Amino acid sequence: MATEITNTALDMEDNLEAQEENTEKFLTFLSDGLYFAVDIGYVIEIITSYSITHLPKVPDFVTGIINLRGQIIPIIDIRIRTGRPRIEYTDKSCIIVLEVQSMMIGILVDEVSHVIDVNTNDISPTPVNNRQELVNGIARVGDTVNLILDCEYLSQ
Amino acid sequence: MENMLDMYLFETNTLIEQLDEILLNAEKFKTFTAEDINEIFRIMHTIKGSSAMMQFSTLMTIAHRIEDLFYFIRENGVQENYRLELFDLMFRSNDLLKSQVGKIENDESLNDNIDDFIQEVNTFLEIIKGNVPKIDPEETKVASNAAQNDTNQVLPEENLQSGNTVVVFFDEGCGMENLRAFMLISSIQESDIKFTYYPENVENDFSTSEYIAESGFVLKFSNQEDLDAAITIIKGALNIRTYEVLHEEPPKKIEETSVLEQILSQDNTSDVKAEVKETKEVKEVKKEVPEANHDTAPKKQSLISVNLSKLDKLMDMVGEIVITESMVTSSPDLQGLKLDNFTKSARQLRKLTDELQDIVMSIRMVPVSGVFQKMNRIVRDMGQSLGKDVKLTIIGADTEVDKTIVDNIGDPIMHMVRNSMDHGIETRPADRIALGKDPQGEITLMAQHTGSEVIISISDDGKGIDTDKVLQKARENNLLTKPENEYTQKEILQLVLLPGFSTKDKVTEYSGRGVGMDVVKKNIEKIGGVVTISSEQGEGTCTTFKIPLTLAIVDGMEVSVGKSIFTIPIMNIRQSFKATPEDIVYDVNHGAMIRKMDSFYPIIRIHELYNLETEITEITDGIMIWVESGDKSYCLFVDELIGEQQVVVKPLPAYLNSFNVKNSGIAGCTILGNGNISIILDISNLYDAATC
């Protein structure tokens, strides 16, 4: 599937509108071999050591809640949210804490990558026939295709 | 600048509310007391001043005019036949002030066009002024016979000599009062009027100025016509602030108190009473109106207004201290050590933090009376416009609730009161009498605490909710989810809370659009409460809001189920015990019940309800906790008891609201001393979740 996305991305023409140089920073992370990106504006912090308390009667992708300096944050497992198989989490797994519309949520990811600068021109919308609501854009940086996570949708 | 505007709005709104209260109270007793008048004058004066400073000229002008009006009333009183109009005018003025302040709050510009209103006030003032010197002999005779006296001048039935006195006051600070008095004397003498005056040697004695400035210049006439003529001259004279017409011998210093004594000492015969002047009448009226006027004076307690966000931070901080304190005292490092002094000090610390907690929580509490009192106005206005006679009864106004709750229940309560007025109370008193009810309708507002919740109820003794109509409307709007005959009375009433619901056939100014109840429900749910309606046709309707007190610091019992830790509020626990096989009764559905003292209670297995892995699955291996909430009583099956802990309830993250977690028995969570999270169980909801 990754290759399909890459191809369709390559197929789309870049817009040659005279847009100003507009770059935005994104934090990229890995989840089941796919690179995702979140707008850095949403990111509060990254936690590597945590203890998740399980919550009963919540959907599968809500792993539980954690205590972050006195605040209770719900944790969403991105793998399960995107329909991937669950895995045993490793040392590299961590939680990215996001603040969306004054709500704090944490996403559990395999591995955090790095912060990239993306030109808004290079962000293409997801192809119509492959639309996944969690992803609201695709950013190509070098050879990697990053799926931009729609944080607003995630938080609903 | 922001702060100034906030302060101004806060202060002005408070004053406007006070004014409302005074007006409502005064209207009930059908008169203004001297205290009322002074108060209103002060309020208007303050509003005028601060509005001028903030450059809200519209408000300033309104306040100014009313201030003038009440200045006059303060000095001269107002006749009874104008009272109704005055009340009406005052209520409308207050509404106008409210609307202007509302506009400021919404950042809109104020209307400049208040000329109509100003005109009205002016006219009214003229009317009551203009009537002051006029005597209608008929009127006076009538008035003189009435127990309540109204007219300014009354001819005493006996002695014409002791009447017809005018006291003239010059403008404050105009100086040379004696010469002005002399000028006045001269001009009256020119009209060939015979009169005497006091002080007498105004022409020469400068010291009389002081007397005149304080107590006025007294003129006595021999008859009414002379008096009238003189008054015309006085009216035309310059620098005259005001004048009063008396009938009795003016005492040396026109002290109101001494005059009052005079009045009181006189026999309460109607003709004598009838002679009392307006200002004294006001004092007398005050005597007639007993304890009723309780709190019209502004509470001059030392109050300080604090930004709510600071209080929020304080609350959070105190919560954290409680948690950290338990972290320290139950630190694993100290396990097993015998530390007497430490334990003593720890206990001391615990006591102090408890007290701190209580104080901080009480800071945010405000009595609901503020909100309840506002409803008086609504009942009055709607009663008038709908032609229904309804009284509002308030119970438990002193009940204190958190400020955020008070802010959010105002609108819902208002809506319910309007509903009761509009739909509930019967239109014709005859209908009520036919049912054996008092022709005057009654709406009752009640507030009470039950430990962890506050219950606010709005009830009326009207005609109740017609459940058939409700079903019909629901059917028409496709709101029914099961066959009609399966709905219980309670469920039908809850249908009313659905959005878009209304059985009113036409839209009135007050209701009928079908948006009200839904909004009420949302507002109450926003602060974590629930709305329930109960109603009997022909008897009345009662709407209840049950709202949990925010930031609870709860005494809880920690229990474990598998690897999870749960907290059960101690006040819900009746007993905990180990079950013996003989007491357990199994039923066909793998459910179980336990026998305790001749009653059977259902058992809820937590590990099954929440799908938790645990080794303890046999009821006899674990612990039974007998819990109660409201009318639900049952037993929880858990693995083991850990211990008692005081916990700070932290609400579940908002994100989880969409998954309806609250209805599955989870009230919130708390952070334990070791940093772990424990889930707090909602005993009431848990039962519902397990049994449906």
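None of the values given here were measured: they were computed from a predicted structure. (Residues numbered from 1 in each chain as written. Chains lettered and ligands numbered in written order. Predicted model: local features only at pLDDT ≥ 70, side-chain atom pairs only at ≥ 80, totals over all residues. Heavy atoms only, no water.)

Draft legend 1. Molecular detail of the packing of aromatic side chains. Residues and elements named next belong to chain B. Across all of its chains, the model carries 6 aromatic pairs over all chains by this definition. Judged by centre distance (5.0 Å) and plane angle (35°), the rings of Tyr634 and Tyr687 are tilted. Placement of the pair is Tyr634 in strand S19 (residues 632–638) and Tyr687 in helix H22 (residues 683–691), with a sequence separation of 53 residues. Judged by relative accessible area, which is 23%, Tyr687 ranks as partly exposed. Over the face of the ring belonging to Phe41 we find Arg74, whose NZ or CZ atom lies 4.5 Å from the ring centre. Its guanidinium or amino end placed over the ring of Trp626, Arg574 lies 4.2 Å from that ring's centre, counting from NZ or CZ. (Phe/Tyr/Trp six-rings, centres within 6.5 Å; stacked < 30°, edge-to-face > 60°. Helix = DSSP H or I, 4+ residues; strand = E, 2+ residues; numbered from the N terminus. Buried < 20%, exposed > 50% of the residue type's maximum accessible area, 1.4 Å probe, protein only. Lys NZ or Arg CZ within 6 Å of the ring centre and 35° of its normal.)

Draft legend 2. Inspection of the nonpolar core at higher detail. Within the largest apolar cluster, 62 residues are counted, with the highest numbers of intra-cluster contacts made by Ile107(A), Ile606(B) and Leu636(B). Formed by 45 residues, the second largest nonpolar core is a distinct cluster that contains Ile43(B), Ile47(B), Phe56(B) and Ile66(B). (Core = buried A, V, L, I, M, F, W, Y, C linked by side-chain atoms within 4.5 Å.)

Draft legend 3. Summary view of the pattern of salt bridges. Residues and elements named next belong to chain B. Evaluated as defined, the whole model comprises 28 salt bridges over all chains. As a salt-bridge pair, Glu39 and Arg42 come within 2.7 Å of each other at their nearest N and O atoms. Placement of the pair is Glu39 and Arg42 together in helix H2 (residues 34–53), with a separation of 3 residues, close to one helical turn. Residue Glu39 is classed as buried on the basis of its relative accessible area, which comes to 3%. By relative accessible area, which is 43% here, Arg42 ends up partly exposed. Across the salt bridge formed by Arg428 and Asp431, the nearest N and O atoms sit 2.9 Å from each other. Here Arg428 falls in the exposed class, since its relative accessible area comes to 52%. Where salt bridges share partners, they join Asp20, Glu27, Asp95, Lys98, Arg377, Arg380 and Asp381 into one cluster. (Salt bridge = Lys/Arg side-chain N within 4 Å of Asp/Glu carboxyl O.)

Draft legend 4. Region of interest: unusual backbone geometry. Even without a glycine there, the phi angle at Lys57(A) is positive, about 60°. Mapping Lys57(A) onto the fold places it in the loop between strand S3 (43–47) and strand S4 (62–68). The phi dihedral of Asn611(B) falls on the positive side, at around 55°, and the residue is not glycine. Looking at the secondary structure, you find Asn611(B) in the loop between helix H21 (606–609) and strand S18 (623–629). The class of Asn611(B) is exposed, set by a relative accessible area of 69%.

Draft legend 5. Quick look at the pairing of strand S6 (residues 94–100) of chain A. Residues and elements named next belong to chain A. Burial analysis of S6 places 6 of its 7 residues in the buried class, which makes it a mostly covered element. For S3 and S6, the ladder comprises 4 bridges, and the chain directions are antiparallel. Bridge assignment links Glu45 to a residue of S6, and that residue is Val97. With 7 bridges connecting them, S6 and strand S7 (residues 103–109) associate as antiparallel partners. By the bridge assignment, Val97 is partnered in S7 with Gly106. The loop that links S6 with its antiparallel partner S7 comprises 2 residues; one of these, Gln101, has a positive phi angle of about 50°. (Pairing = 2+ DSSP bridges.)

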